[in-house]
Amino acid sequence: MNSPQILRFSTITEYHRAAGLPNPAHPLISVVHMDDIKQPIADIPFSLIYDFYSISLKKVGNARFKYGQQASDFDEGVLFFMSPGQLFGIDMPHDISEMKPPEGWMILFHPDLIWNTPLAKNIKQYEFFSYSVYEALYLSDKEEAMLTAIANQIEQEYNTNIDRFSQNVIIAQIELLLTYSERFYQRQFVTRKVASHEVLTRLEDFLSEYFNSGALAQKGLPSVTLIAETLNISPGYLSSLLKSLTGQSTQQHLHNKLIELAKEKLSTTNLSISEIAYELGFEHLQSFSKLFKTKTNLSPMEFRQSFN
C-alpha cells in the first residue's frame, strides 16, 4: 500500500496548475468551482498543505476528508475553513475512476491580500479557522445559498477591471462571509444540542476524574490542549462551544470549577489555606489567594470565616 503523498502549495497559481485549472484571474484570490477541476491532484490518498487561507463548500460523494486522525463524510455538503499551514487529507477510492464528481466551491486567498488591513488582525478572532474538518459547519439550503451568492460576488469583482476599490470590496465580501459563518456556527451549537451537551458531559466527567485523582497537586490544571485531545475535538471548537453554551472560555470554565472545589475544601475541611492551595495545584499561596478573591470578592480566609 502506498504511503499518502503530502502536497504543499505556496501560491494559488500552483494549486490551479495541479488541478488542471487556468491561471487565476487574480494572483492573491480565486473562487474555484469544484466541477471545473479537470484532473485529480493525485491518484492515491494524499494530504494538502496550503500557504494561504481556504473556505470550502464541498460535496464529494465517496471520498472521506481527514484532518489529523479524524475523518468525515461530505456527502451532504458542509463548509470548512483552513488557515495557512494546516494539514488536510483526502482518502480516495481504490479505483480513482469510481470517484464521484465533486460539487461546491472554494475561496482561496493569500495572506498578502489582507496584509496591512484590519482583517489581517481580525481574522485571528474567527476560531473556526482552527477547527478540525469533522467540526465543519452544516448549512441549511438558505444559508448555503447566501454564502454561495457572496462567493459569486467575490468572483465577479476580481473578474472586472481592477481599480483602487477592488481590494476593499473583495475584503469586505470576505468579512461578510466570515460574519455570516460565525452566526451560522452559533446556530449550529444550539440546534445540535444533543451533540453539544454530550461534549459538555464528557468535559465534566473528565474534570471530575482529574480533580479527584490528585492530579491537580502533581500536575496543576490540565491544559486546554490536553482537555481537547481527551474529548477528541480541537481546542478552538471546545472554546467556541463553551462560549456559546455557558458564556465562558475554556480557561474561565476551568477556573470556576477550581474555585468551586476551593470553596468546598474551605468550608468542609480543616486543611490550612496553604495546604488547600497546594492540593489545587498552586505553587504559591499568593496566586491562589489572588484568583480566589478575583472570582469571589473575598479572600480565602474571609470566605472560611463566613461559615463560622
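Above this text sits the structure in question.
Residues numbered from 1 in each chain as written. Predicted model: local features only at pLDDT ≥ 70, side-chain atom pairs only at ≥ 80, totals over all residues. Heavy atoms only, no water.

Participant: Talk me through the overall build of the protein chain; I want residue IDs and the actual numbers.
Facilitator: Along its length, the protein chain carries 13 helices and 8 strands. Taking all 308 residues of the protein chain together, the buried fraction comes to 44%. Looking at the protein chain as shown, the accessible area adds up to about 16200 Å², and 50% of this sits on carbon and sulfur atoms. (Helix = DSSP H or I, 4+ residues; strand = E, 2+ residues; numbered from the N terminus. Buried < 20%, exposed > 50% of the residue type's maximum accessible area, 1.4 Å probe, protein only. Areas by Shrake-Rupley, 256 points an atom, 1.4 Å probe, with all protein chains shown as cover.)

Participant: I'd like a rundown of the packing of aromatic side chains, residues and numbers included.
Facilitator: In total, this model carries 17 aromatic pairs according to the counting rule given. Ring centres 5.8 Å apart and planes at 20° place the aromatic pair tyrosine 180 and phenylalanine 184 in the stacked group. Note that tyrosine 180 and phenylalanine 184 are positioned in helix 5 (residues 166-191) at a spacing of 4 residues, about one turn of the helix. The exposure class of tyrosine 180 is partly exposed, given its relative accessible area of 23%. Measuring from centroid to centroid gives 5.8 Å for phenylalanine 206 and tyrosine 210, while their planes differ by 40°, and the two rings are tilted. Of this pair, phenylalanine 206 and tyrosine 210 both sit in helix 6 (residues 193-212), 4 residues apart, which is roughly one turn of the helix. Grouping residues by exposure puts phenylalanine 206 and tyrosine 210 together as buried. Among the aromatic residues, those joined into a ring-pair cluster are Tyr53, Phe81, Phe109, Tyr126, Phe128, Phe129 and Tyr185. (Phe/Tyr/Trp six-rings, centres within 6.5 Å; stacked < 30°, edge-to-face > 60°.)

Participant: Can you break down helix 8 (residues 224-231) residue by residue, with the values?
Facilitator: All of the buried residues in helix 8 are Ile227, Ala228 and Leu231. Axial view of helix 8: buried residues confined to an arc of 95°, hence all on one face. Of the residues one or two after helix 8, asparagine 232 is the one with positive phi, at around 65°. (Arc of directions from axis to C-beta.)

Participant: Outline the packing of helix 10 (residues 250-268) against helix 12 (residues 285-296), listing residues and values.
Facilitator: For the pair helix 10 and helix 12, interaxial distance at closest approach is 10 Å and the crossing angle is 100°. The orientation of helix 10 with respect to helix 12, classified from their angle, is roughly perpendicular. Only Phe288, Leu291, Phe292, Lys295 and Thr296 of helix 12 make contact with helix 10, whose side of the interface consists of Gln252, His255, Asn256, Leu258, Ile259, Ala262, Lys263 and Leu266. Residue classes in the contact of helix 10 with helix 12 are distributed as 7 nonpolar, 4 polar and 2 charged. (Axes fitted to C-alpha atoms, helices over the stretch in contact; angles between N-to-C directions. Parallel < 35°, antiparallel > 145°, perpendicular 65-115°, else oblique. Contact = heavy atoms within 4.5 Å. Nonpolar A, V, L, I, M, F, W, Y, C, P; charged D, E, K, R; others polar.)

Participant: Describe the pairing of strand 7 (residues 103-109), naming the residues involved and giving the relevant values.
Facilitator: Among the 7 residues in strand 7, 5 count as buried, and that is most of the element. One ladder, built from 5 bridges, connects strand 2 (residues 29-33) with strand 7; its direction is antiparallel. Bridge pairing links serine 30 to leucine 108 in strand 7. (Pairing = 2+ DSSP bridges.)

Participant: Pulling in residues and values, what's your account of the nonpolar core?
Facilitator: Most often, soluble globular proteins have nonpolar side chains that are buried together. Residues Ile55, Ile107, Phe109 and Leu178 are the most contacted members of the largest nonpolar core, which totals 65 residues. Discounting chain neighbours no more than four positions away, the residues touching isoleucine 107 are Ile29, Ser30, Val31, Tyr53, Ser54, Ile55, Ala151, Ile154 and Leu177. One finds Leu7, Phe9, Met34 and Val78 within the second-largest nonpolar core, a separate group that totals 19 residues. (Core = buried A, V, L, I, M, F, W, Y, C linked by side-chain atoms within 4.5 Å.)

Participant: Let's hear about the environment of leucine 285: which residues, and what values?
Facilitator: Note that leucine 285 resides in helix 12. Spatially, the C-alpha atom of leucine 285 lies 5.9 Å from that of serine 274, the residues being 11 residues apart in sequence. When near neighbours in sequence (up to four residues on either side) are disregarded, leucine 285 contacts Ile273, Ser274 and Ala277.

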